[in-house]
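Observations on chain architecture
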Amino acid sequence: MRLDYTKASPGGVKALGGVYGYILQSGLEDTLVELVYLRISQINGCAYCLDMHTRDLIKKDVSPQKLALVQAWHEAGAMFSDREKAALRWAESVTRVADTHVPDADFDAAAKVFSEKELADLTMAIGLMNAFNRLAISFRREPDSALAANG
C-alpha cells in the first residue's frame, strides 16, 4: 500500500462513512445499492471494492450467476429487475460522466422507476463509491481476501 488513507485522514474517512451510513438508511434496497457499488467498482477496476462488494452480495444470497452477469446486466434478461437495470444504467452513466455527460435518456430511464429522493440518494451512493474507488486504487489498498490468503 502506498499510503494508509484511513490513518492519514481519519476525519475524511469518517465523513465518507457518514454518507455511507445515510445511504444505508435512505430506503434504497440494500441489494440494489450493493449491485451498483459492484458495477462501479468493475468500471473503475478497484480490486479492494470488488472483493468487498462481491462478498457482501454473497452474504445477501445473491446467486453466483447474477454476480457473474453484473458487468453484462443489459444482456442478462430477467436476471435483473427493472429497478436494478435502471440503477445500473444510471451508475454507468454517472460514473463515466466525462464521456457520457449523463444524457437526458439516462435520466429519463432512471426517473421512471425512482422517486426524486431515491434518484438523488442513488446518485450520492454512486459518487460515494467512486470516491472510495479512487482512494483504494490511488493508494493501492489490497483486497481483504488477498491479505487473508497471504496469511
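Everything that follows concerns the structure shown earlier in this document.
Residues numbered from 1 in each chain as written. Predicted model: local features only at pLDDT ≥ 70, side-chain atom pairs only at ≥ 80, totals over all residues. Heavy atoms only, no water.

1. Description of the packing of aromatic side chains
In plain terms, the rule: Aromatic rings from Phe, Tyr and Trp, taking only the six-membered ring of Trp, are treated as a pair when their centres fall within 6.5 Å; an angle between ring planes under 30 degrees marks them as stacked, one over 60 as edge-to-face, and anything in between as tilted. In DSSP terms, a helix is any run of H or I states spanning at least four residues, a strand is any run of E spanning at least two, and both are numbered starting from the N terminus. The classification of residues rests on relative accessible area computed with a 1.4 Å probe and restricted to protein chains. Under 20% of the type maximum is buried, over 50% is exposed, and intermediate values are partly exposed.
Applying the stated criterion to the full structure yields 3 aromatic pairs. Their ring planes at 35° and their centres at 6.0 Å tell us that Y5 and F139 sit as a pair that is tilted. With Y5 in helix α1 (residues 5-8) and F139 in the loop between α9 (116-138) and α10 (144-149), this pair connects stretches of sequence that are 134 residues apart. Classification of F139 by relative accessible area gives partly exposed; the value is 24%. Look at Y20 and Y37: their rings are 6.3 Å apart centre to centre, the planes differ by 25°, and that puts the pair in the stacked class. Taken as a pair, Y20 in helix α2 (residues 10-24) and Y37 in helix α3 (residues 30-44) lie far apart in primary sequence, 17 residues in all.

2. Description of α9
Operational definition: A helix's residues, less one, multiplied by 1.5 Å, set its expected span. We call two residues contacting when some pair of their heavy atoms lies within 4.5 Å.
The first and last C-alpha atoms of α9 sit 33 Å apart over 23 residues, in line with the 33 Å expected at 1.5 Å per residue. Listing the buried residues of α9 in full gives L119, D121, L122, A125, I126, L128, M129, N130, F132, N133 and A136. Of the surrounding secondary structure, the elements contacted by the buried residues of α9 are α1, α2, α3, α4 (47-59), α6 (82-95) and α8 (104-113). Backbone geometry just after α9 places R140 at a positive phi near 55°.

3. What about unusual backbone geometry?
If a residue is not glycine, its phi is most likely negative; likewise, a peptide bond is most likely trans. Phi is positive for H101, close to 60°, though the residue is something other than glycine. When you line up the elements, H101 lands in the loop between α7 (97-100) and α8. On the basis of relative accessible area, H101 is assigned to the exposed category, the value being 62%.

4. Quick notes on the side chain of N130
Summarising the element assignment, N130 is placed in helix α9. On the basis of relative accessible area, N130 is assigned to the buried category, the value being 8%. Excluding its chain neighbours within four sequence positions, the residues that come into contact with N130 are I40, N44 and T95.

5. Regarding the pattern of salt bridges
Here is the rule we go by: What makes a salt bridge here is a side-chain nitrogen of Lys or Arg within 4 Å of a carboxyl oxygen of Asp or Glu, nothing more.
The tally for this structure, following the rule as stated, stands at 8 salt bridges. When the shortest N-O distance is used, the salt bridge between E118 and R83 registers 3.1 Å. Pair noted here: E118 is in helix α9 and R83 is in helix α6, with a separation of 35 residues, a long-range link. In this structure, R89 and D106 form a salt bridge, with 2.9 Å as the shortest nitrogen-oxygen distance. Here R89 is found in helix α6, whereas its partner D106 is found in helix α8, with 17 residues between them in sequence. Look at R89 and you get partly exposed, because its relative accessible area is 32%. D106 gets classed as buried once you look at its relative accessible area, which sits at 12%. Sharing partners across several salt bridges, the network here consists of E29, R83 and E118.

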